[in-house]
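Residue strings, one per chain:
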Amino acid sequence: MKREFKVVGKNIHRVDAFKKVTGRAIYPEDIFMENMAYGKTLRSTIAHGYVSLDTREAEKIDGVLGIFTYKDVPNNRYGVVYKDQEVFVSKKVKRVGDPLAFVVAENEKLCDLALEKIKVYYEEIEGVFDPVEAMEEDAPKVHGKSNILYHFKIRKGDVEEGFRRSHVIVENTYKTHMVDHAFLQPEAGIGYIDEEGRVAVIVSTQYPHYDMEEIASTLNIPIDQVRVINAYVGGAFGGREDISLQIHLALAAKVLKRPVKTIYSREESFLAHSKRHAMVMRYKTGADKEGNLLAMETVIIGDTGAYASWGENVMRKAGVHATGPYYIPNVKVDSYAVYTNNPFAGAVRGFGATQVPVAYEQQMDALAVKLGMDPVTIRMKNIFKVGSETATGQILTEGVPLEECLSKLVEAMGYPYGKEAYR
Amino acid sequence: MINIKLNVNGKDYSLEIEEDKRLIDVLREDLRFTGVKEGCSEGECGACSVIMDGRIVNSCLVMAVQANGSSIVTVEGLVKDGELDPVQRAFIEKGATQCGYCTPGFIMAARAFLNRAKDPTREEIREAISGNLCRCTGYNKIVDAIEEAYRYEKGI
Amino acid sequence: MIVKQAKSVEDALELLSHYGNCKIIAGGTDIIIQMNEKKVQPKVLIDISKVEELKKIEEDGDFIKIGSAVTYTDIIESSIFEGNLSGFKKACRLVGSPQIRNRGTIGGNIVNASPAADSVPPLIALGATIILESKNNIREVKVEDYFSHSETFGIREYEILTAIRFRKPKGVLTFAKLGLRKALAISRISIAALVELDKDNKVSFVRIASGSIGRYPMREHELEEFLQGKVFDDAVIDEAVKVLQGVMDVRLANRSSLPYKRRAVEAVLKEALGEVRK
């Protein structure tokens, strides 16, 4: 007998659907407050170098209410894992788009005018834009003494022995590129002092609680004096995990005691938030005559750009997923997150698990070609099942319906797997 | 500053505006029809789509002065006597909205299309919404919803 | 910046001669973006989008006259561009998106002079001319010359493009385009062909124009010379592809896009010429 559920099997309307289809869903840019000012960010136009500003002329413009720089921030450092980002650059610019100052004025046009009037002096220094080069001893350093932020290792079995016993070995290097989330709603927010005198920011964010902590710590105020209110979020996909305008708005509202609103243009949105890690993946994979995988060795280098963001976590995940859904007895993985002067990379859907399939799946195809096998059969032979052990030693005890999934897929495609049809 | 007359969602407005404003700026800032969204400012994303004199346009690519004397319909204007437009109903019913930011633009593009469509095919619907981007990737449900809206209107 | 709404062509020309640093706005789909990016910063913007006399499509004996503020949608919905002229409709249908086609104008597509402008190759293939008016003068310029000799035939500061004119052709006008996606794609290659065949299936008249295979849309004379008088069959079309590739090898030498475009052009040219036979 079929059981009736309240939700399962029913067409349930989204709770927010009515507001969204009538235009009543309020995103931060849709809020207009009494006596509201506007804020715009001055950003670096070079990738690596020392910077200083002269804001005097801009400050004299009638209607410009404040120009905030690193000097106005009690604790200038923040970041989701490592506090390696500055609210405003104090000395060294590390990428194109680093915030240098935040201008607040009566209207947006005055903000633009003030931005033009700020004199920016750069002393450019050599940058590093390739993560492989960035790992070399003599490469320009983005932070501190080494550009290597993180090194993740997996050592399972004996890869040398595995390759010795292999009938076929394929070795290739794969590269994936940087990707932007391009969520449809560019960053926007409004900072103000609430009815109880607290600093409040309405923003579209993935982590209101992190934002609160970062605002409290950078402005050096108790966390119970900070409110972060999440408005509707126009897509995020990981791109709203890092701070963008939250601290700028909180600072300006706190100092000016007025509501301050900021809306990024699409161009500024691209400059402001993280990107998907570009990766260089060197893979060596070996299998026996029957197509059983015996060994895999890989070095995965992720370009985390100017800041760590979630680079460590993303590159760990890339390393953990490096074998793909295939059992391999001997595995050696070295996965790195490396600083460069490129846009910073962080969370994007998949979080490191998205890039590695480009490599490990093509390795499977390359092995299949060498063995004269079809690409489905070689996968079926090695695919994770209940009881399989992953490269990290985890035993998969339940919920591993990969064989079933792949067979259904092949069936739906009408792919004559296992037959000579291949090649 | 310049004076313009607009009819928005059935109501006449006489406005004094800054001349360099675009239609989207007047709709959002002066008249507070904030259902009109700005995603790209260059006609690629369609989030700012409104119906102007019966035609779907990107309100970010129309100067406000150019709309002088025109009739504009925004997503806010589709609700009639408290009743949702069939397109709005279908978007709810078919789960065609995710983050919601592209939704007003898609609904207006669909509305403009259905005003002239006859037994639309899925291909024609896709063409009609080709000027709108959804980044949460809900296109299939949006096409489903527009087909459904057509059925509501024809009582089929 | 001030914005003036012109009520008539005369009015627009008067405004244009009266103010300095003016820009004409019609559909606005290009100029508003350029203004946002501060690439153009006119003191005065003259809007011609509501000038009725510029929004007409007229048949005048053997000629067709299109007002410069006619939109792509107007062309698509017009009954004039059927049959042997449907290639022009196809070109307009492949422009941008519904939103862009509802605003973007034929005149704007010409004066913005993008090498990828989709409506231009069909107009060149049709041998169309444009009418450029100023307060004291009217010039008629071939669309082809407008692009190839812009220093002489290009639009001047105080002129307005008011109309496009061409003689109704006997042959069939076709169009094909390659974009990176279906909507809102700038043409990577576009080709328009006007071909007339005699009773022996021989090419008795041909005019071919391309977009994005050079710095501006242009006539493909070598291709025309090759096709003239030939029997219009598959073998000749295959040969025609090679002729055009040879032209591209010279014209696009040193361009990174050449290896891609010389391969891709095969399908585009075959589509354009293939439609002549339909």
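Colleague: Would you mind showing me how to read the sheet that holds strand β12 (residues 218-219) of chain C here?
Modeller: Strand pairing within a sheet occurs via backbone hydrogen bonds; the two strands may be parallel or antiparallel. Residues and elements named next belong to chain C. Spatial strand order, β9-β10-β11-β12: four strands in an open sheet with antiparallel pairing. The sheet terminates laterally at β9 (172-178) and β12, the two strands that pair on one side only. Taken together, the two bridges between strand β11 (residues 203-211) and β12 define a ladder with antiparallel strand orientation. Across the sheet, the residue bridging to A209 is R219, located in β12. Lying on the sheet, helix α4 (residues 86-93) is in contact with β9 and β10 (189-197); it crosses β9 at an angle near 20°. Contacting β9 and β10, helix α12 (residues 258-274) crosses the sheet at an angle of about 35° to β10.

Colleague: Can you help me understand the domain arrangement of chain C in this one?
Modeller: One frequently used descriptor of interface size is the decrease in accessible area upon assembly of the parts. Residue and element names in this part refer to chain C. Here the domain parsing of chain C yields domain 1 (2-47), domain 2 (52-167) and domain 3 (172-277). Measuring from the centre of the C-alpha atoms in domain 1 to the corresponding centre in domain 2 gives 19 Å. The interface is formed by 13 residues belonging to domain 1 together with 17 residues belonging to domain 2. With six residues, the single largest contributor to the side of domain 1 that touches domain 2 is helix α1 (residues 9-18). A breakdown of the residues in the side of domain 1 that touches domain 2 according to their chemical character gives six nonpolar, five polar and two charged.

Colleague: Quick question: what am I supposed to make of the sheet that holds strand β7 (residues 99-105) of chain A here?
Modeller: Residues and elements named next belong to chain A. Spatial strand order, β3-β7-β1-β14-β11-β12-β13: seven strands in an open sheet with mixed pairing. Looking at the sheet topology across the chains shown, the edges are occupied by β3 (64-68) and β13 (226-230). Taken over all neighbouring pairs, the strand axes of this sheet differ in orientation by 20° on average, direction set aside. Relative to the sheet, helix α3 (residues 108-117) contacts β1 (37-43), β3 and β7, its axis offset from that of β1 by approximately 30°. Across the sheet, helix α6 (residues 208-219) touches β12 (199-203) and β13, and the angle it forms with β13 is around 150°.

Colleague: How should the domain arrangement of chain B be read in this particular structure?
Modeller: Residue and element names in this part refer to chain B. Partitioning chain B into structural domains gives domain 1 (2-75) and domain 2 (86-154). Measuring from the centre of the C-alpha atoms in domain 1 to the corresponding centre in domain 2 gives 21 Å. Contributing elements (two or more residues each) for the side of domain 1 that touches domain 2: β3 (49-52) and β4 (55-58). Sorting elements by how many residues they give to the side of domain 1 that touches domain 2 places β3 first, with three residues. Split into classes, the residues belonging to the side of domain 1 that touches domain 2 amount to eight nonpolar, four polar and three charged.

Colleague: What exactly am I supposed to notice about the interface of chain C and chain B here?
Modeller: Counting from both sides, the interface comprises 22 residues of chain C and, opposite them, 24 residues of chain B. Secondary-structure elements contributing two or more residues to the side of chain C that touches chain B are β1 (2-5), α2 (31-36), β3 (44-47) and α5 (98-103) of chain C. The greatest single-element share of the side of chain C that touches chain B, amounting to five residues, is contributed by α5 of chain C. For the side of chain C that touches chain B, the per-class residue count stands at eleven nonpolar, eight polar and three charged.

Colleague: Is there a simple way to think about helix α11 (residues 234-251) of chain C in this case?
Modeller: An α-helix turns once every 3.6 residues. As a result, residues three or four positions apart point the same way. Residues and elements named next belong to chain C. Look at α11: 26 Å from first C-alpha to last across 18 residues, which is about the 26 Å you get at 1.5 Å a residue. For α11, the complete set of buried residues consists of A240, L244, V247 and M248. Buried positions in α11, seen along its axis, are confined to an arc of 100° and lie on one side of it. Turned more than 90 degrees away from the buried face of α11 sit A235, D238, K242, D249 and V250, all of them exposed. Tucked into the core, α11 has its buried residues touching α10 (221-227) and α12.

Colleague: Would you explain the interface of chain B and chain A in this entry?
Modeller: On the side of chain A, 23 residues touch chain B, which itself brings 27 residues to the contact. Where the side of chain B that touches chain A is concerned, the elements lending two or more residues are α2 (86-93) and α3 (103-114) of chain B. Of the residues assigned to the side of chain B that touches chain A, the class counts are 14 nonpolar, ten polar and three charged.

Conventions and cut-offs
Residues numbered from 1 in each chain as written. Chains lettered and ligands numbered in written order. Predicted model: local features only at pLDDT ≥ 70, side-chain atom pairs only at ≥ 80, totals over all residues. Pairing = 2+ DSSP bridges. Helix = DSSP H or I, 4+ residues; strand = E, 2+ residues; numbered from the N terminus. Contact = placed C-beta atoms within 7 Å. Axes fitted to C-alpha atoms, helices over the stretch in contact; angles between N-to-C directions. Domains from an automatic or database assignment. Nonpolar A, V, L, I, M, F, W, Y, C, P; charged D, E, K, R; others polar. Expected span 1.5 Å × (residues − 1). Buried ≥ 20, exposed ≤ 12 C-beta atoms within 10 Å, placed from the backbone. Arc of directions from axis to C-beta.

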